[in-house]
Amino acid sequence: MTAAVSAPPRFALFRAAQSRDFEQSGIMSQGMPTETEMAGAVAAVDAGMLEGTTVRLLFEMAGLSLTHAWFKSGFPLPRHTHNVDCLYYILAGSLRIGTEELGRGDGFFVGADVPYSYVPGAEGVEVLEFRGSNNFDIKLLADNPAFWAKAVEKVRRSREDWGKERPPSGWTVGSA
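Note that the coordinates shown come from a computational prediction; the quantities given were computed from them, not determined experimentally.

1. Describing the overall build of the protein
Okay, step 1: Across its full length, the protein carries three helices and ten strands.
Okay, step 2: Helices and strands appear in the protein in the N-to-C order β-α-β-α-β-β-β-β-β-β-β-β-α.
Okay, step 3: The C-alpha atoms of the protein give a radius of gyration of 17 Å, which matches the 16 Å a tight globule of 176 residues would have.
Okay, step 4: By principal-axis analysis of the C-alpha atoms, the protein measures approximately 55 × 40 × 30 Å.
Okay, step 5: Among the 176 residues that make up the protein, the fraction classed as buried is 43%.
Okay, step 6: Considering only contacts within the protein whose residues lie at least 6 apart along the sequence, 78% involve residues at least 24 apart.
Okay, step 7: Taken as a whole, the protein presents about 10,100 Å² of accessible surface, with 54% of it coming from carbon and sulfur.
Okay, step 8: Considering the protein, the positive charge centre built from 17 side chains and the negative charge centre built from 21 side chains are found 4 Å apart.

2. Concerning the environment of M32
Okay, step 1: Following the sequence through the fold, M32 ends up in the loop between β2 (28-30) and α2 (35-47).
Okay, step 2: Under the relative-accessibility criterion, M32 is labelled exposed at 78%.
Okay, step 3: Taking the C-alpha atoms as reference, M32 lies 29 Å from G107; in sequence the two are 75 residues apart.

3. Observations concerning the packing of aromatic side chains
Here the distance between the centres and the angle between the planes together describe a pair of aromatic rings.
Okay, step 1: In this structure the tally under the stated criterion is ten aromatic pairs.
Okay, step 2: For R131, the ring lying beneath its charged end belongs to F136, and the centroid distance is 4.2 Å.

4. With respect to α2
Okay, step 1: Taking 1.5 Å of rise per residue, 13 residues should cover 18 Å, and α2 covers 18 Å from first to last C-alpha, within 8% of that figure.
Okay, step 2: Those residues of α2 not exposed but buried are E37, G40, A44 and A47. Seen along its axis, α2 keeps its buried residues to an arc of 95°; they face one direction. In α2, the exposed residues that point more than 90 degrees away from the buried face are E35 and D46.
Okay, step 3: One or two residues past the end of α2 sits G48, with phi positive at roughly 115°.

5. Quick notes on the sheet that holds strand β5 (residues 80-81)
Okay, step 1: If you trace the three strands from one edge of the open sheet to the other, you get β2-β10-β5, paired in mixed fashion. Edge strands, defined here as strands with exactly one partner in the open sheet, are β2 and β5.
Okay, step 2: Direction of pairing for β5 relative to strand β10 (residues 136-140): antiparallel, over a ladder of two bridges. Of the residues in β10, the one forming a bridge with T81 is K139.

6. A few points about the layout of surface pockets
Okay, step 1: The computed volume of the largest pocket comes to approximately 810 Å³.
Okay, step 2: In this structure, the largest pocket is lined by 31 residues; those nearest its centre are E23, M28, L50, T53 and I138.
Okay, step 3: At the level of elements, α1 (22-25), β2, α2, β3 (53-61), β4 (64-71), β9 (119-131) and β10 are the ones that each hand at least two residues to the lining of the largest pocket.
Okay, step 4: By residue number, the principal contributor to the lining of the largest pocket is α2, which donates four residues.
Okay, step 5: For the lining of the largest pocket, the residue count by class is 20 nonpolar, seven polar and four charged.

7. Quick word on the packing of α2 against helix α3 (residues 145-162)
Between two packed helices, what matters for the description is the angle formed by their axes and the separation of those axes.
Okay, step 1: Where α2 contacts α3, the two axes come as close as 9 Å, and the packing angle between them is 5°. By the angle between their directions, the pair α2 and α3 is classed as roughly parallel. Mapping the contact onto sequence places T36, E37, G40, A41, A43, A44 and A47 in α2 and P145, W148, V152, V155, R156 and R159 in α3.
Okay, step 2: Grouping the amino acids of the contact of α2 with α3 by side-chain chemistry returns eight nonpolar, two polar and three charged.

8. As for the nonpolar core
Okay, step 1: If you look at the biggest cluster of nonpolar residues, it comprises 32 residues, and the most contacted ones within it are F71, Y88, L95, F108, Y118, V125 and V127.
Okay, step 2: Listed by contribution, the elements that provide at least two residues to this core are α2, β3, β4, β6 (86-97), β8 (107-110), β9, β10 and α3.
Okay, step 3: In this structure, F108 is in contact with C86, L87, Y88, L95, I97, L102, Y116 and Y118, ignoring residues within four places of it in sequence.
Okay, step 4: Formed by six residues, the second largest nonpolar core is a distinct cluster that contains A16, F59, L128 and V173.

Criteria and cut-off values
Residues numbered from 1 in each chain as written. Predicted model: local features only at pLDDT ≥ 70, side-chain atom pairs only at ≥ 80, totals over all residues. Heavy atoms only, no water. Helix = DSSP H or I, 4+ residues; strand = E, 2+ residues; numbered from the N terminus. Rg over C-alpha atoms; globule rule 2.2 N^0.38 Å. Buried < 20%, exposed > 50% of the residue type's maximum accessible area, 1.4 Å probe, protein only. Contact = heavy atoms within 4.5 Å. Areas by Shrake-Rupley, 256 points an atom, 1.4 Å probe, with all protein chains shown as cover. Lys, Arg positive; Asp, Glu negative; His and termini not counted. Charge placed at Lys NZ, Arg CZ, Asp CG, Glu CD. Phe/Tyr/Trp six-rings, centres within 6.5 Å; stacked < 30°, edge-to-face > 60°. Lys NZ or Arg CZ within 6 Å of the ring centre and 35° of its normal. Expected span 1.5 Å × (residues − 1). Arc of directions from axis to C-beta. Pairing = 2+ DSSP bridges. 1 Å grid on protein atoms, 1.4 Å probe; cavity = no way out; pocket = protein on both sides within 12 Å on 5 of 7 lines; lining within 4 Å. Points joined across faces, edges and corners; volume = space filled by probe spheres on them. Nonpolar A, V, L, I, M, F, W, Y, C, P; charged D, E, K, R; others polar. Axes fitted to C-alpha atoms, helices over the stretch in contact; angles between N-to-C directions. Parallel < 35°, antiparallel > 145°, perpendicular 65-115°, else oblique. Core = buried A, V, L, I, M, F, W, Y, C linked by side-chain atoms within 4.5 Å.

The following block contains the structure:
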């Protein structure tokens, strides 16, 4: 006997005030970091790195997810990949990816397993992340002690300012 599979909804509403903390949602799994990546990430988190970002899961269903991410100014996002395609739309603020400066209304597409990173601008950046999956991974590609040393120093220098920053859109996701 085959288990019944429910059809995806044909219409659904979601409310930002009811979004969930992305880390607690469980839709993203962590690839095995190297010893250098693990030590660097622990040092960056201990320095206050998590105070530089807020990520909320706005919507998910089988084969689809929508996330709102706010990275504060200069947040040291490590180079990484995901095993699914992702389309990013900039709601507010700016970022630099490679040699390109992108701002409100701009966006970019990153295919599955394509390495990337970006640097939030002076106001930080808020992005919507559209993925054709509600189950994906992240693999760090930052096996470089110099990157982590710079990231920890950036966090230490930025942490006080991060506490004063507000989302460039003026909107706090997850609150009414």
